[in-house]
Amino acid sequence: MSALHVLTVGWDQVLVDGLCTPIAAKSRHRFSHILHPRHSALEFRGRPDQGLHFFRESPRDAIPEADYELLRSLEAEGVPTVHNMVLGDRVVSALEYREALGYATFLARRLAELFDELKPSVVISGFDGIHAGIALAVAKQMGVPWFALNFSVIPPGLACLCDGMSPAARVQLPAAGDAGELRAFAEASLLRFESGTLHAPAYVDSHSSSIAGKLGRIPGRMTALVRTIRNSQQRDILRFTDTPGRVSVSAAVRSIRRAAAARKAVSTSVALATPPSSRYILFGLHMQPESSIDVWAPFFSNQMWVIELLSRSIPPSHQLLVKIHKSDLTNYSGDQYEQMQALPGVKLVRPFVDSRTFIDRADLVVSIQGTMGLEAALLGKPVIMLGDSPVTKFPSASSIREIQDLPELIRRKFSEPPPTREQIVQAYASYLAPFAPASHNDWRLKIGEREIEGYVRLFDRLQSYLAADFAHLDA
């Protein structure tokens, strides 16, 4: 197979310039790009050709009526339902139903047109946004390989490719090293995690509630206000891709007021700052909307329902501690906190406390798709993953099959013997096997030369993987 023609879908200019262009310069692979739907060709008129393509020529291009049969034809094994794509998109989910399906129809037709015109050897998209799900569906229908980049959190700086809308769909590319090296890397990473020198990014201490933190937010808020005023001139296109607070000044003001009320609600709620002496199960709320729950685990995306489900399943010997996500305070009101704590056995955990101390003392950790489940599994703690997760590779982690079996599964997890450290290391090596050195997925950070070389090797391995797949089909 010749060098890859990689077509990215839904990325922004920052990623094109900072990631794809350097990869192309250091490899034989060619890149084309369908920029995020918020952009139109009109914005880029007069710029040098960079292989850029667009969903729209102008912000005023009309959205068609919904083509229900077209959308139905896109649904297939390994593809999210169109309704899940809609509900998993933080903006489109708020639109009127027919308008949302009209937008999905527009995306599907345009992607089919561009895939046919550009004839990529592989499509690289992401997990977030309805355009990513539609890109997977159209690529699958047209027989074009589709992948999304997935990044490690413990340790950060690694990336792999998934061929479906879940981290459990990670692809094992041709090996870049031997099993001994991988095991040694897993053991070294585990040692660093156990000692507290390796943290998941979400657990970096936050000072957002301090005076310095509040002052530090002022420049960002001013930038956001300027962006909102500018975006308000393009509401026609941006209402499909950006939240109202980013395209309307009045909506932005309402959002700030809601955030202030939410911070007050959590500060006045009765929530734990330290682990209790009583026995407990720990569950961490996810930030929402977010791909890890809305896309990777759509049937558990109603977290209030999940808390009730767990409350109904735990024995009276244990409390259910619900850790509030520090980045998602605006999603919950004082009434919702009271509703959670009105359920049998439920208590809240403050958002800015160190989750590790609560994991260490827990008898069981339940997670939908979050990092908390991985951390508990690395420590050998009993874990139940509600979503389809690679964390279940660890010996102490289990997945839920039938909801009505959850009480029995919880009782069984309490009585399971802890895994040996060697079992944890082996499972960790298996968990890390699809990953390769690349970069952190915080695109505000500049990607260095060494990281670009890691991506080049990743795409070279993808080329070998696809070549072997085509050879198998030809045979």
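Residues numbered from 1 in each chain as written. Predicted model: local features only at pLDDT ≥ 70, side-chain atom pairs only at ≥ 80, totals over all residues. Heavy atoms only, no water.

Undergrad: Looking at this structure, I do not really get the overall build of the chain. What am I missing?
TA: Looking only at helices and strands, one finds 19 helices and 14 strands in the chain. Sequence-distant contacts, at least 24 apart, represent 68% of the contacts inside the chain between residues at least 6 apart. Summed over its atoms, the accessible surface of the chain is roughly 22600 Å², and 54% of this surface lies on carbon and sulfur atoms. (Helix = DSSP H or I, 4+ residues; strand = E, 2+ residues; numbered from the N terminus. Contact = heavy atoms within 4.5 Å. Areas by Shrake-Rupley, 256 points an atom, 1.4 Å probe, with all protein chains shown as cover.)

Undergrad: In this structure, what is going on with the pairing of strand β10 (residues 346-349)? I would like to understand it.
TA: Remark: a regular strand shows side chains that alternate across the two faces of the sheet. Relative to β10, strand β7 (residues 271-272) runs parallel, the two being bridged by 2 bridges. Residue Leu 272 lies in a different strand from β10, and its bridge partner there is Val 349. Bridge count between strand β9 (residues 319-323) and β10: 4 bridges; the pairing is parallel. Looking across to β10, one finds that Leu 320 is bridged to Val 346. (Pairing = 2+ DSSP bridges.)

Undergrad: What is the right way to look at the state of the cysteines in this model?
TA: A covalent bond bridging the sulfur atoms of two cysteines is what the word disulfide describes. For the structure on display, the rule yields 0 disulfides. We note that Cys 162 lacks a disulfide partner, and the nearest cysteine sulfur, in Cys 160, lies 4.6 Å from it. (Disulfide = S-S within 2.5 Å.)

Undergrad: What is the right way to read the sheet that holds strand β13 (residues 397-399) from this model?
TA: Strand pairing within a sheet occurs via backbone hydrogen bonds; the two strands may be parallel or antiparallel. Read from one edge of the open sheet, 7 strands run β7-β10-β9-β8-β11-β12-β13, paired in parallel fashion. Each edge of the open sheet is held by one strand with a lone partner, namely β7 and β13. In this structure, strand β8 (residues 280-284) lies alongside β9, joined through 5 bridges in parallel fashion. By the bridge assignment, Ile 281 is partnered in β9 with Leu 320. Across the face of the sheet, helix α17 (residues 406-415) comes into contact with β8, β11 (364-367), β12 (383-385) and β13 while running at roughly 150 degrees to β12. (Axes fitted to C-alpha atoms, helices over the stretch in contact; angles between N-to-C directions.)

Undergrad: Mind showing me how you'd approach the side chain of Thr 241 here?
TA: With respect to the helices and strands, the residue Thr 241 is situated in the loop between α9 (235-238) and α10 (244-247). Residue Thr 241 is classed as buried on the basis of its relative accessible area, which comes to 9%. One polar contact links Thr 241 to Asp 242, side chain to side chain, over a distance of 2.8 Å. When residues no more than four places from it in sequence are discounted, the contact partners of Thr 241 are His 36, Pro 37, Arg 38, Arg 90, Val 91 and Tyr 103. (Buried < 20%, exposed > 50% of the residue type's maximum accessible area, 1.4 Å probe, protein only. Polar contact = N/O pair within 3.5 Å; in protein donor to acceptor, adjacent residues only side chain to side chain.)

Undergrad: Can you walk me through the nonpolar core in this structure?
TA: The nonpolar side chains of a soluble globular protein tend to be buried with one another. Ranked by size, the top nonpolar core spans 43 residues in total, and within it Val 9, Ile 34, Leu 111, Phe 115, Ile 130, Ile 134 and Trp 146 carry the most contacts. Elements supplying a minimum of two residues to this core: β1 (5-11), α2 (68-74), α3 (82-87), α4 (97-118), α5 (130-142) and β5 (146-151). The contacts of Val 9, once residues within four sequence positions are left out, are Ile 34, Phe 55, Leu 111, Phe 115, Val 123, Ile 124, Ser 125 and Ala 135. Grouped together as the second largest cluster of nonpolar side chains are 35 residues, Leu 198, Leu 321, Phe 358 and Met 385 included. (Core = buried A, V, L, I, M, F, W, Y, C linked by side-chain atoms within 4.5 Å.)

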